[in-house]
Amino acid sequence: MNFFLAAVGVLGVASSGPLIAATLGATSVSALAIAFWRNAIGSVVMAGPVLVRDPRQFGRVTGREFRWSLAAAVALALHFACFITSLQLTSVAAATALVCLQSGWIAIFQLFRGVRHRWPVLAGLGIAFGGVIAITGFDMGTSPDALLGDLLALAGGALAGIYTLAGGQARQTMGTGVYTTLCYGMCAAVVAILALFSQQPLAGFEAAGWVGILAITVCAQLIGHTAFNHLLATMSPLLVSMIILLEIPGAALLAAAFLSETLPAGTYAGLAMILVGLAVVVVGQRGSRSVRRGAPPLAELGTD
């Protein structure tokens, strides 16, 4: 059953990029509308169990918890803005691989915070970011738009790392339901402000657009991430972290099958380097004794 749920989880999160690209390409839905409704719906769904069990938990949120949740929400909103926009400019496979570098970015941020990593983590970072150079190098020769999309996806991965670190601080004293409700809700509010200033509509789409938004929310957010949340309680966190990395080849395969996306051989080599490098980072970090107690793991549930 665990491996069945793992397969469902991988399929769910890997479908995010292809579904977003298909929705943006075939409907009038805007990039920020996808981010807004995905987080707004997610906030409502996560609030339900808390309201049923103990609604007073929301009244017990401290100022510190609120500030860290707000920081996480802002980072998550900017992450979605960068990642979803990147899918309009570069390939689904490249955007997914580059945004999945959040584990590598967290390792780098932890270095600046005084965490000393073992050499396998540093070697894995070198391999992963070597894959970034390979992908962006090939896209640079393809078109300026593709290169801009790569850079946006790369920024999205860094923002996802900041979201994870800020969320890790908030989650030290907050329950999952309260934190995700608050974070997703504030993220939706930030995205709404971004949409207002950028004049991107959040409603008024055709039926196919709403179906796309619903499919993205259900498949990636509710099914994919919920499956991994369940697996964290029944399987080794290391194994779950490694399974999540299958999102990279999964998205590439789905994009090839359903969007007829073909890439240069060098780009696929870059995807493989990122996958291998992140796997080395995850394994090396899990075995490291130098990571401070309480520091968040490098491979959190995906945000894309």
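We now turn to the structure provided with this report. (Residues numbered from 1 in each chain as written. Predicted model: local features only at pLDDT ≥ 70, side-chain atom pairs only at ≥ 80, totals over all residues. Heavy atoms only, no water.)

This part is about the packing of aromatic side chains. Inspection of every chain in the model, using the stated rule, returns five aromatic pairs. Between the aromatic rings of Phe 36 and Trp 37, the centroid separation amounts to 5.0 Å while the plane-to-plane angle is 85°, which identifies the pairing as edge-to-face. With a centroid separation of 6.1 Å and an interplanar angle of 25°, the aromatic rings of Trp 105 and Phe 109 are classed as stacked. Taken as a pair, Trp 105 and Phe 109 lie in helix H6 (residues 102-112) at a separation of four residues, close to a single helical turn. For Trp 105, a relative accessible area of 18% gives the class buried. Residue Phe 109 is classed as partly exposed on the basis of its relative accessible area, which comes to 21%. (Phe/Tyr/Trp six-rings, centres within 6.5 Å; stacked < 30°, edge-to-face > 60°. Helix = DSSP H or I, 4+ residues; strand = E, 2+ residues; numbered from the N terminus. Buried < 20%, exposed > 50% of the residue type's maximum accessible area, 1.4 Å probe, protein only.)

When glycine is set aside, most residues are seen to have a negative phi, and most peptide bonds are trans. At Gln 199, a residue that is not glycine, the phi angle is positive and equals roughly 60°. On the basis of relative accessibility, which here comes to 70%, the residue Gln 199 falls in the exposed class. One non-glycine residue, Ser 260, lies in positive phi territory at about 55°. Checked against the element boundaries, Ser 260 lands in the loop between helix H12 (247-258) and helix H13 (265-286). Given a relative accessible area of 59%, Ser 260 falls into the exposed group.

A separate point is a nonpolar patch on the surface. A contiguous nonpolar surface patch, about 280 Å² in accessible area, is contributed by Phe 66, Leu 70, Val 74 and Leu 78. Mapping Phe 66 onto the fold places it in helix H4 (residues 63-86). Judged by its relative accessible area of 37%, Phe 66 is partly exposed. (Patch = residues over 30% accessible without salt bridge, like charges linked within 9 Å, V, L, I, M, F, W, Y side chains within 5 Å. Areas by Shrake-Rupley, 256 points an atom, 1.4 Å probe, with all protein chains shown as cover. Salt bridge = Lys/Arg side-chain N within 4 Å of Asp/Glu carboxyl O.)

Bringing the pattern of salt bridges into the picture now. This structure, assessed with the given rule, holds two salt bridges. We note a salt bridge from Arg 56 to Asp 54, for which the minimum N-O separation is 3.3 Å. Overall, the relative accessible area of 62% leaves Arg 56 in the exposed class. Judged by its relative accessible area of 17%, Asp 54 falls in the buried class. Salt bridges here are not isolated pairs; linked through shared partners, they connect Asp 54, Arg 56 and Arg 60.

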